[in-house]
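If you want the building blocks of each chain, they are given just below.
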Amino acid sequence: MACLFCHIVEGSIPAKKVFEDDQMLAFEDIHPQAPMHVLIIPKTHVATVNDLTGDHDALVGTMLRRAAAIARERGYDAAGYRTVINTNAQAGQTVFHLHMHVLGGRPLAWPPG
Ligand code: 5GP
Ligand code: ZN
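Residues numbered from 1 in each chain as written. Chains lettered and ligands numbered in written order. Predicted model: local features only at pLDDT ≥ 70, side-chain atom pairs only at ≥ 80, totals over all residues. Heavy atoms only, no water.

This brings us to the pairing of strand 3 (residues 36–42). For strand 3, the tally of buried residues reaches seven of seven residues, placing the bulk of the element in the interior. Residues of strand 3 alternate between two faces, with Met-36, Val-38, Ile-40 and Pro-42 on one and His-37, Leu-39 and Ile-41 on the opposite face, all of them buried. As paired strands, strand 2 (residues 24–28) and strand 3 are joined by five bridges and run antiparallel to one another. Following the sheet pairing, Ala-26 is matched in strand 3 by Ile-40. Taken together, the five bridges between strand 3 and strand 5 (residues 100–104) define a ladder with antiparallel strand orientation. Its bridge partner being in strand 5, Ile-40 is matched across the sheet by Met-100. (Buried < 20%, exposed > 50% of the residue type's maximum accessible area, 1.4 Å probe, protein only. Helix = DSSP H or I, 4+ residues; strand = E, 2+ residues; numbered from the N terminus. Pairing = 2+ DSSP bridges.)

It is worth spelling out the environment of Ala-89 at this point. Looking at the element boundaries, Ala-89 is found in helix 3 (residues 88–91). With twelve residues separating them in the primary sequence, Ala-89 and Asp-77 have C-alpha atoms 30 Å apart.

What follows concerns the coordination of the zinc ion (ligand 2). Six octahedral donors around a metal ideally sit at 90 or 180 degrees from one another, while four tetrahedral donors ideally sit at 109.5 degrees. Within the protein, the zinc ion (ligand 2) binds to Cys-3 (SG), Cys-6 (SG), His-45 (ND1) and His-97 (ND1); these donor distances fall in the range 2.1 to 2.3 Å. Around the zinc ion (ligand 2) sit four donor atoms; with metal-centred angles ranging over 105 to 116°, the donor geometry is tetrahedral. Spacing between the donor residues of the zinc ion (ligand 2) along their common chain follows C-x2-C-x38-H-x51-H. Look at Cys-6 and you get buried, because its relative accessible area is 13%. (Donors = N, O, S within 2.8 Å, 3.2 Å for Na, K, Ca; no water. Tetrahedral: all angles 85-135°; square planar, octahedral: opposite > 155°, others 65-115°.)

Glancing now at the site of ligand 1. The immediate surroundings of ligand 1 are formed by 17 residues, with Asp-29, Asn-86, Gly-92, Thr-94 and His-101 found nearest. A distance of 2.9 Å separates an oxygen atom of ligand 1 from a polar atom in the side chain of Asn-86. Interatomic distance of 3.1 Å between a backbone N/O atom of Val-95 and an oxygen atom of ligand 1. Against a free-state accessible area of 520 Å², the protein chains account for coverage of 84% of ligand 1. More than half of the atoms of ligand 1 fall within 2 Å of the grid points belonging to the largest pocket. (Near = heavy atom within 4 Å. Polar contact = N/O pair within 3.5 Å; in protein donor to acceptor, adjacent residues only side chain to side chain. Areas by Shrake-Rupley, 256 points an atom, 1.4 Å probe, with all protein chains shown as cover. 1 Å grid on protein atoms, 1.4 Å probe; cavity = no way out; pocket = protein on both sides within 12 Å on 5 of 7 lines; lining within 4 Å. Sits in = over half its atoms within 2 Å of the grid points.)

In structure tokens, the structure reads:
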């Protein structure tokens with residue numbers, strides 16, 4: 001039984017796709033926390049940042065550059081935006097398939113809650 005985001009990769013659960021290539025998928029978060037709230041995921045199942053290996057180095061770098069491209073496309077690159085990866089319970093991770101949040105379009109407080 002595949003996880004929720006694996007189902008989105010497979011297409012059995014719909015999502016508003018923003019970008020897709022052979023290794024990653026970007027889609028709109030179902031409960032957006034800002035005017036831009038996109039999730040970028042690897043197509044292969046990796047549960048958390050703790051599970052990354054050296055084999056994923058290029059993939060994670062490409063995901064981060066994709067976040068910058070999406071922010072730039074939407075005009076948030078100069079104003080600012082935030083990339084976040086929550087890991088495990090205390091950080092609030094609820095879906096255990098690695099995902100990078102890309103948030104922008106409003107002032108974002110720091111430190112986070
Ligand atoms: P986490 O809390 O694990 O860092 O983030 C999980 C994110 O996935 C949340 O922002 C949540 O709104 C989003 N999410 C959960 N289920 C779905 C879904 O079925 N579709 C989409 N597009 N986003 C989802
Ligand atoms: Zn998965």
